[in-house]
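Structural overview
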Amino acid sequence: MTTPHASDDSEPTAPDGYAAARLLLLHEKERSGPPRRAALARLTDDWLAGLLAAAAPPRGTALVAVGGYGRAELSPRSDLDLLLLHDGSADRAALAALADRLWYPVWDLGIALDHSVRTPAEARAAAAADLKVHLGLLDARTVAGDHGLVAALRTTVLADWRNQAPRRLPELDALCRERAERAGELPHLLEPDLKEARGGLRDAQALRAVAASWLADAPREGLDTARRRLLDARDALHLTTGRATDRLALQEQDAVAGELGLLDADTLLREVYEAARTISYASDVTWREVHRVLKARSARPRLRALLGARAPGRPPAARTPLAEGVVEMDGEAGLARTARPERDPVLTLRAAAAAAQSALPLSPHAVRHLAAHAAPLPVPWPAEAREELVTLLGAGEATVPVWEALEAEGLVTRLLPDWERVRCRPQRNPVHTWTVDRHLVETAVRASSLTRRVGRPDLLLVAALLHDIGKGWPGDHSVAGETITRDLAARIGFDRADTTTLATLVRHHLLLIETATRRDLDDPATVHTVATAVGTVGTLELLHALTEADALATGPAAWSAWRAQLVDDLVKRVTGVLAGEQPPDPEAAAPGADQERLAVEALRTGEPALTLRTRAERPLDPDAPEPVGVELLIAVPDRPGVLPAAAGVLALHRLTVRAADLRAVALPGALGTGTVLLLDWRVAAEYGSLPEAARLRADLVRALDGTLDIAARLAEREAAHPRRRGLAAPPPRVTVAAAGSRLATVIEVRAQDAPGLLHRVGRALEGAAVRVRSAHVSTLGANAVDTLYVTRPDGTPLPDEEAIDLARALETALR
């Protein structure tokens, strides 16, 4: 395609001519990436130059592109940053008219425009007052007009930037940090902002500005490629959405991946994450160097005054030994002059462990040198290497930046080859905060604070690092992870017994939390199943700590005081079984004091009795999050329809069920006769305040006697205020848990959490003429997992075929 110029007969000054040429360019499949961005900038230059020429500008005038347009990096929906520069000799009215003839055609095409009209002195003053203006002017480029005027401005602006660097760079660093707090870390976001998030295009621009100051420079290897990859992703995002957006939303990712010729959305995210990590790491290294230089500059006059004329020149930096071959220098952990990485295969891990234990960053020069020259570790690793890995993992928060430094140079994959499959791998679950690899490191960080609770802290830390290593393979990640862990544990040098323990921890790292929140802990089969899987008290102790570390590293929705209480209860019961004790008979379990009081009242009146506990519970750990919601305890004389009625009433009052437990209790004769259903639920208001207990009870009475049609009321509310729909949720799945209980059939329902879900489940069960022995509700983000212990009306478990039919009927009802 031929790019039109101002002298062509096609009259490029006409907006429709530019728009048509622009459209053709954006749809050229053979030209994409940097060539297309540059071509779009040239096309826009020619059009704007034609507009300026047609307006007959006065002498001493120039049209200047700044910011991304100044760098000739125009994405399909980029805005235009333009400065109309003049020497001050022209009439103000004439300049205003000239500006109108330039800006209005841009607006007429629907292109966003950031514009200004200034003299060089005014531009310098604006830059001095506004850091963002100064950054934009660093990329100033002449579009048309007086080149000498623009060259002079560029020279003075750049000189100002270098002269003001000691003041401007800390200001720029603070701006980057504030933006990262607001937009998050791009390498770990499921819907990242390619421009604003940490590791995005804004940070890449900041690194260019630092380099322009001559004060420090970023590590250049891979930086240009990373920046280009983010720009390419933004181009594809603009083309597929038709909007000027930088947020890579879930619903756009498949289309963007297709536009870029990538396999799928996960491949796209991994490439974006890889690029963002390169920029993030370069930013960390660069800002550390900036602050070191500025600190040295501020100290130098005082140092000269102290030393006088006796010691000319800069004194050598002090080196403090940290470990064999490792020293601290200039606030970083680096290699000693005597270090010989080619002869010392443990040096990489020793340096990383020393840096993390001292809470120091690992020198990028040291990491690069280790990557180029370090001898490979023998297999199995020597004991020292294994100990240094454990020391590194046990350093807490200081582990993260050191691990990132190792990853930046490919050293982690060299140490643990299976790491490559989880590196930068996204987790498409809103409960998870991190990518798979960062989650593993964060779990080790959390586990480091729990090492005093276990007899083998080394096994806890390594299990934390490896527990999700199987997510890089198809199928059940716990099963795949067990196999990988056996290989890696042997590689690291653990003996056969320790390898077996690590493999067991990885295989069953979800066992405690899933059992505690989804199974009836009073059922002996539940406790025996866990005891059989775990095998020993020592392994149970490790699994307990790993469960907590894993949940805390997942995200705020994965752990609470309530979940901790359930897991603690399960661990206590399993410990008893492993010690040879028999679990108590659930049929003989007495209700608690509050439950007994409500049950007596329900039997006496023949109607529901309930209480809302709104007081805050004391967390098990002062640092643990408060439990979500308040406790609702309901006692109802045993009768059909209790579960759907109670769940429906809660839905009508906009109460979300966070957790639920339903069980039938037969009271002793001295307290009355009969069976009472006890519902102990954790609920939270969708918004607003909680309803009064009296209102809940009145509506529950009406629901049970049939005067309140819950299904109709919920349908009316949905019709009046339909919820906005986002991505289509996966269909519900209902399964029968194999060998879940001797006392009942265990049905597991997985579905999108929604108002009235438990009500619909209860209605379907009532329609199938089965009795609910107990129910356990668990909600993680937008996903609900409801586990139901059901029996025939005579109290016996369902035969296999009936159980399968029930699961199918439930699935159909929920669809």
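Everything quoted here is computed from the prediction, not taken from an experiment. (Residues numbered from 1 in each chain as written. Predicted model: local features only at pLDDT ≥ 70, side-chain atom pairs only at ≥ 80, totals over all residues. Heavy atoms only, no water.)

So, on to helix 26 (residues 593-605). When the terminal C-alpha atoms of helix 26 are compared, their 19 Å separation across 13 residues agrees well with the 18 Å that a helix rising 1.5 Å per residue should span. Of the positions making up helix 26, those classed as buried are Gln595, Leu598, Ala599 and Ala602. Viewed end-on, helix 26 has its buried residues packed into an arc of 105°, placing them on one side of the element. With respect to the buried face of helix 26, the exposed residues turned more than 90 degrees away are Ala593 and Arg604. Next to the buried residues of helix 26 lie strand 8 (609-613), strand 9 (630-637) and strand 11 (675-685). Gly606, located one to two residues past helix 26, shows a positive phi value of around 75°. (Helix = DSSP H or I, 4+ residues; strand = E, 2+ residues; numbered from the N terminus. Expected span 1.5 Å × (residues − 1). Buried < 20%, exposed > 50% of the residue type's maximum accessible area, 1.4 Å probe, protein only. Arc of directions from axis to C-beta. Contact = heavy atoms within 4.5 Å.)

To continue, consider the sheet that holds strand 6 (residues 326-329). Sheet architecture is open: three strands sit in the order 5-6-7, paired in antiparallel fashion. Two strands in the sheet have a free side with no partner beyond their single neighbour: strand 5 (320-323) and strand 7 (332-335). Geometrically, the sheet is characterised by an average inter-axis angle of 40° between neighbouring strands, direction not taken into account. Pairing geometry for strand 5 and strand 6, over three bridges, is antiparallel. Each residue of the ladder has a partner; that of Ala323, found in strand 6, is Val326. Set on the sheet, helix 13 (residues 347-357) makes contact with strand 5, strand 6 and strand 7; between it and strand 6 the angle comes to about 40°. (Pairing = 2+ DSSP bridges. Axes fitted to C-alpha atoms, helices over the stretch in contact; angles between N-to-C directions.)

The amide bond that connects Val379 to the next residue, Pro380, takes the cis arrangement and shows omega of 0°. Mapped onto the elements of the fold, Pro380 is located in the loop between helix 14 (364-373) and helix 15 (383-393). Not every positive phi belongs to a glycine, and Ala56 is a case in point at roughly 50°. Mapped onto the fold, Ala56 is located in the loop between helix 2 (34-54) and strand 1 (61-65). Positive phi, close to 60°, is recorded for Ala72, a residue that is not glycine. Residue position: Ala72 is located in the loop between helix 3 (67-70) and strand 2 (80-86). Residue classification places Ala72 among the partly exposed residues on the basis of a relative accessible area of 25%.

What follows is about the confidence of the model for the protein chain. On average, residues of the protein chain score 88 in pLDDT, and 91% of them reach the 70 mark or higher. Of all the helices and strands in the protein chain, strand 10 (residues 655-666) carries the lowest mean pLDDT, 76, while helix 21 (residues 496-507) carries the highest, 98. For the stretch residues 1-12, pLDDT sits under 50, and the model shows 19 contacts to residues farther than four places along the chain or on other chains. Note on residues 615-627: pLDDT under 50 across the span, and 21 contacts to partners over four residues away in sequence or across chains. (pLDDT = per-residue confidence, 0-100.)

It is worth spelling out the sheet that holds strand 2 at this point. One open sheet accounts for four strands, arranged 3-2-1-4; its pairing is mixed. Each edge of the sheet is formed by a strand with only one pairing partner; in this case those strands are strand 3 (113-118) and strand 4 (141-145). Between one strand and the next, the sheet's axes are offset by a mean angle of 25°, whatever the strand orientation. Pairing between strand 1 and strand 2: five bridges, direction antiparallel. Pairing of Ala62 across the sheet is with Leu85, part of strand 2. Contacting strand 2 and strand 3, helix 5 (residues 120-129) crosses the sheet at an angle of about 125° to strand 3. Here helix 7 (residues 147-163) sits on the sheet in contact with strand 1, strand 2 and strand 4, set at roughly 105° to strand 2.

Once that is clear, we can look at the pattern of salt bridges. Within this structure, the stated rule accounts for 50 salt bridges. With a closest N to O distance of 3.2 Å, Arg168 and Glu171 form a salt bridge. Taken together, the positions of Arg168 and Glu171, both in helix 8 (residues 165-183) and three residues apart, correspond to about one turn of that helix. Between Asp498 and Arg456 there is a salt bridge, and its shortest N-O distance comes to 2.9 Å. Of this pair, Asp498 sits in helix 21 while Arg456 sits in the loop between helix 18 (436-448) and helix 19 (457-466), and the two are 42 residues apart along the sequence. A relative accessible area of 13% places Asp498 in the buried class. (Salt bridge = Lys/Arg side-chain N within 4 Å of Asp/Glu carboxyl O.)

The next thing to look at is the pairing of strand 2. Of all seven residues that make up strand 2, seven are buried, and the element is covered over most of its length. Residues Leu80, Leu82, Leu84 and His86 point to one face of strand 2 and Asp81, Leu83 and Leu85 to the other, with burial holding for every one of them. Looking at chain direction, strand 2 and strand 3 are connected through six bridges and run parallel. Note that in strand 3 the partner of Leu80 across the bridge is Leu113. Read from strand 2 through helix 4 (residues 92-108) to strand 3, the crossover connection turns out right-handed. (Right-handed = clockwise from strand over helix to strand, strands pointing away.)

A word on the pairing of strand 15 (residues 783-791). A large share of strand 15 lies buried, amounting to eight of its nine residues. Note that strand 13 (residues 745-752) and strand 15 share eight bridges and pair antiparallel. When the sheet's bridge partners are listed, Ile747 is paired in strand 15 with Leu788.

Formed by 90 residues in total, the largest nonpolar core has its most connected members in Leu362, Trp381, Trp403, Leu416 and Trp419. Listed in part, the 51 residues of the second largest apolar core include Ala660, Leu662, Leu679 and Val749. (Core = buried A, V, L, I, M, F, W, Y, C linked by side-chain atoms within 4.5 Å.)

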